[in-house]
Protein chains: 2
Amino acid sequence: MVTLLDRARELDTADPIAHYRERFDLPGGVVYLDGNSLGALPKATRERLAQVVDAEWGHDLIRSWNPTDNGGDWIALPQRVGGKIAPLIGAQAHEVIACDSVSVNLSKLIGAALKMRPGRNVVLSEPGNFPTDLYMVQGSPAQQRLAARNAIIDALNEDVALLMLTHVHYKTGEMFDMAALTEAAHDAGALVLWDLSHSGGAVPVDLNGAGADMAVGCGYKYLNGGPGAPAYAFVAERHHDALVNPISGWMGHAAPFAFSDEYAPAPGVSRLLAGTPAVLAMSALECGVELMADIGMDRLVAKSRALSGFFLQCMEERGLLENPSPLQGRGRSAAGAEGVGDVVSTPVNTTSPTPQPPPLKGRGSMVLASPVDPLRRGSQLSFRHQEAYALCQALIARGVIGDFRAPDILRFGFAPAYVSFEDCALAVEALAEVLASGEWEREEFRERAAVT
Amino acid sequence: MVTLLDRARELDTADPIAHYRERFDLPGGVVYLDGNSLGALPKATRERLAQVVDAEWGHDLIRSWNPTDNGGDWIALPQRVGGKIAPLIGAQAHEVIACDSVSVNLSKLIGAALKMRPGRNVVLSEPGNFPTDLYMVQGSPAQQRLAARNAIIDALNEDVALLMLTHVHYKTGEMFDMAALTEAAHDAGALVLWDLSHSGGAVPVDLNGAGADMAVGCGYKYLNGGPGAPAYAFVAERHHDALVNPISGWMGHAAPFAFSDEYAPAPGVSRLLAGTPAVLAMSALECGVELMADIGMDRLVAKSRALSGFFLQCMEERGLLENPSPLQGRGRSAAGAEGVGDVVSTPVNTTSPTPQPPPLKGRGSMVLASPVDPLRRGSQLSFRHQEAYALCQALIARGVIGDFRAPDILRFGFAPAYVSFEDCALAVEALAEVLASGEWEREEFRERAAVT
């Protein structure tokens, strides 16, 4: 009998990017399915950080702001790293800059968008968007308007300065049709800001192909930049002249070392810089980005879909999905295990209602919270279960690391650069055992940690 | 004959904190007098970063947000590091938080101050303040008002929401009387925000003693946090309830992991957080801060004054100060070489006009741009010379690293934790030779680098 593990190993053997796993320093005995929250450590990053600390900082000291024999050129890091992120998200190199956090970059771009659309003061988003996106609007001078996915286009009117959406939903993994939403916003005279935190480095993103105006994204998830890595921001070239950064710091000045009293913005996205670049963190991010660029988005995307598709098949075959299963009648390829080429996708209809999960059932199975169609989801699968927190802790105790998102989501991320099909089979097997044994009911798995 | 170098070595032998130099990884053959721009590398930082990268990130991965056997507890870093900075600046632990950059923190606190003073919209500062401070006002909804040092108090009126000053001037090292200015601002109903970038870890700062409302400061100068280290922000406890952060990110939420759609601020300065803490950079900063705390501010301040005083004496005795010298008739101790106890200080009069340097003279001497009185200056000495840029480059070629500040300032910083009196004597000797030889006239020393 061919087990899931046998099939997983076959898929790993055939995987053209399987060897990239060796470029990461993954702990033994762990199945890591949380790279969508914190990417793993590239081995090159350890070496690069040692070089930055010892040679660039320790030895060359202040001189490293300019080019040195040891590397240096710290002043160029934000543009250089941004330029390396650009091809991963369908942007030109000079349209992307690495700096600050996603939150701070959202604050800058919300402010900038309001200046570009005088007379309009609404930022439109959806309820349940990643919290910091909404909070940034709430802290800004803009008025927040929220509309459910199926009502977003109807909510676009002449008050809306900016449509701000997260491309791949952090909880469900549901993915917006970037081109369609962007077009609808433009038809209403609004700008669009895409949060790519759960997209960049994992799913196909073509900002310029979609005509997007602005974007932000995270450095510490699929880009493997390290905990709290700098984020990035994109502004389409056509908006560069009109771009006004309300957090107008000296590093975004046209001539920072002239020390003028009057702010004058640097050309293009460089004016999005505020304070001094975080050199250590930015150097680590550069290593992660280089590794993603080396693999290439096409291969990353194909593997991502194959991984999540295989995981879903394993869930189905082990009987862990509620009945009726969303996979029934769709055949094996519908879940995406063979990659995009074999998938008969349902059309992406951004005006359709968000599918509501059926009510929670028995404790032995889970409800898929992510789209079945691999073209409509990010590089993750989420499942609802009323005891999702305890299940997650019980899995971690078995060395399978996913994460919990309140109130009832168990989330597995498939970082295609280093996750294997074997990881998927092992994770599902562990989940099956946890569900069957009821071990998650233990008290130790129910105490909430500070960070979940 | 007792040379300057002999005297320097005597002073080093008697220096009670001389041994802390061994805690830093300083390059051989270099006299480093630029710790006011980028602090040196503490040896402990190298080890700590390796631990954070290998064990906390690489091995424990996402689990390190909570406490782990390897340390972890990343979520507590901003408050923990802030709490360790607090005693260095006369604040309570819960009034300080480490986060973002000085620029971004200025943006937050300018916004917060405007909310606390409804009906007032002026931010008062001085021309020639560090550029990012002024630029942040220019990018904010506030109106900027600039007044020269001797006119600041007169410029305080009922329009002024916030007086925003840099405690120690980055170019001249001139230090404001924090208590007097704060009192004057309060008398006018305004709040005060102090930029401590050139103060924290080097000069006495007593925020609560002075009644200060808000402050920001830099992690990569005297705190030795590494290039582009996170900054810190202080808000006096009495303002915590009214504190509104316009960059209202999820990490400043009362319950970030509840993922609520509605922003609700965390208690106290924690609400100043925006995005995910920069764990690698914050860990490096913590090492630098711990080292400063270990030495203690009293010893750091005494050594700082002794170093700059000795440097000034060396300049005078080598005939490098213009005539008449500002030191003439003040005696040896007036420059501060014996430390604060021996100094007969001139009273600090914040309403006196800023001393204007005499016109540039011959090329063989320099004009002191810093206050002669060690109680009125920071841990630096600045000298004007029309060829300051080329002089700085010629000194760097000789292994003496100071820096240039446009248009004509040559600046030497005395990081008391690792600079020796021998460093001072060697630097002055090198400067004497550079000035005498005219080697700075070489073409190679006149080409401006990107970062100066």
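Note: the structure precedes this text.
This text gives an overview of the structure that appears in the document. (Residues numbered from 1 in each chain as written. Chains lettered and ligands numbered in written order. Predicted model: local features only at pLDDT ≥ 70, side-chain atom pairs only at ≥ 80, totals over all residues. Heavy atoms only, no water.)

### Topic: the interface of chain B and chain A
Convention followed: Residue contacts are counted whenever heavy atoms from the two residues lie within 4.5 Å of one another. The quantity reported as buried area is the accessible area (1.4 Å probe) lost by two parts once they are put together, taken as the sum for both. What makes a salt bridge here is a side-chain nitrogen of Lys or Arg within 4 Å of a carboxyl oxygen of Asp or Glu, nothing more. A 3.5 Å cut-off defines polar contacts: any pair of N or O atoms within that distance qualifies, except that in protein one atom must be a possible hydrogen donor and the other a possible acceptor, and neighbouring residues in sequence count only when both atoms are side-chain atoms.
Contacts between the two partners involve 80 residues from chain B and, on the opposite side, 80 residues from chain A. Buried area between chain B and chain A, summed over both chains or domains, comes out near 6500 Å², and the portion from carbon and sulfur atoms is 68%. Its largest share of buried area at the contact with chain A, chain B owes to Trp57(B), Tyr135(B) and Phe259(B), together 12% of the area lost on that side. Taken together, the links from chain B to chain A amount to two salt bridges. Among the salt bridges present, the one from Asp54(B) reaches Arg46(A), with a minimum N-O distance of 2.6 Å. In this assembly, chain B and chain A are joined by 28 residue pairs in polar contact (both at pLDDT 80 or more).

### Let's talk about the relation of the copies chain B and chain A
The condition that has to hold: Here the copies are matched by least squares. The fit uses the C-alpha atoms of residues with pLDDT of at least 70 in both.
Once chain B has been moved 0.0 Å along the axis and rotated by 180°, it coincides with chain A to within an RMSD of 0.0 Å. The symmetry that links the two subunits is that of a two-fold axis. Residue Ala281(B), judged by its C-alpha, is the member of chain B lying nearest the rotation axis, at 3.1 Å. Comparing interface residues between copies, 100% of those in chain B also lie at the interface in chain A; the contact surface is shared.

### What to know about the sheet that holds strand S4 (residues 96–99) of chain A
All names here are of chain A. For the record, the criterion: In this analysis, strands are considered paired if DSSP registers two or more bridges between them. Counting from the N terminus, the helices are DSSP H or I runs at least four residues long and the strands are E runs at least two residues long. Every angle, taken between N-to-C directions, lies between 0 and 180 degrees, and every axis is a line fitted to C-alpha atoms, over only the stretch in contact when it is a helix.
As summarised here, the arrangement of the seven strands in space is S4-S10-S9-S8-S7-S5-S6, forming an open sheet in which the pairing is mixed. Each edge of the open sheet is held by one strand with a lone partner, namely S4 and strand S6 (143–146). Looking at each pair of strands side by side, their axes are set apart by 20° on average, direction ignored. Contacts from helix H3 (residues 77–85) reach S4 and strand S10 (231–235) within the one sheet, and its direction differs from that of S4 by about 125°.

### Digging into the packing of helix H10 (residues 297–317) of chain B against helix H12 (residues 421–437) of chain B
All names here are of chain B. Defined as follows: Oblique is the label for any angle not under 35 degrees, not over 145, and not in the 65 to 115 range, which are roughly parallel, roughly antiparallel and roughly perpendicular in turn. Helix crossings are classified by the rotation of the near helix relative to the far one: an anticlockwise turn of less than a right angle makes the crossing left-handed, while a clockwise turn makes it right-handed.
H12 packs onto H10 with a crossing angle of 30° between their chain directions and a minimal axis gap of 9 Å. In terms of axis orientation, H10 runs roughly parallel to H12. Handedness of the crossing formed by H10 with H12: right-handed. On H12, the residues that touch Lys303, Ala306, Leu307, Phe310, Phe311, Cys314 and Met315 of H10 are Phe421, Cys424, Ala425, Ala427, Val428 and Leu431.

### Observations regarding the packing of aromatic side chains
Note the following rule: Stacked, tilted and edge-to-face are the three classes applied to pairs of Phe, Tyr and Trp rings, where Trp contributes its six-membered ring and a pair requires centres within 6.5 Å; stacked means planes under 30 degrees apart, edge-to-face means over 60, and tilted covers the rest. Any residue under 20% of the maximum accessible area for its type is buried, any over 50% is exposed, and the rest in between are partly exposed; the area is computed with a 1.4 Å probe on protein chains only. Whether a charge lies above a ring is judged from NZ of Lys or CZ of Arg, which has to be within 6 Å of the ring centre and within 35 degrees of the ring normal.
Counting across every chain of the model gives 34 aromatic pairs over all chains. For the pair Trp65(A) and Trp74(A), a centre-to-centre distance of 5.2 Å together with 90° between the ring planes defines the contact as edge-to-face. Looking at Trp65(A), the relative accessible area reads 8%, which means it is buried. Note on Trp74(A): relative accessible area 1%, which makes it buried. Ring plane angle 85° and centroid distance 5.2 Å describe the contact between Tyr389(A) and Phe404(A), whose orientation is recorded as edge-to-face. Linking Tyr389(A) in helix H11 (residues 388–397) with Phe404(A) in strand S14 (residues 403–405), this pair joins segments that are 15 residues apart in sequence. The pair formed by Tyr389(A) and Phe404(A) is uniform in burial state, with each residue classed as buried. Put simply, the rings of Phe130(A), Tyr170(A), Trp250(B), Phe257(B) and Phe259(B) pair up and form one aromatic cluster. If you follow Arg149(B) out to its NZ or CZ, it ends over the ring of Phe176(B), 3.8 Å from the centre. Here the guanidinium or amino end of Arg448(B) rests over the ring plane of Tyr389(B), the centre of that ring lying 4.4 Å away.

Everything listed here is a matter of coordinates, which is why it stays silent on function.
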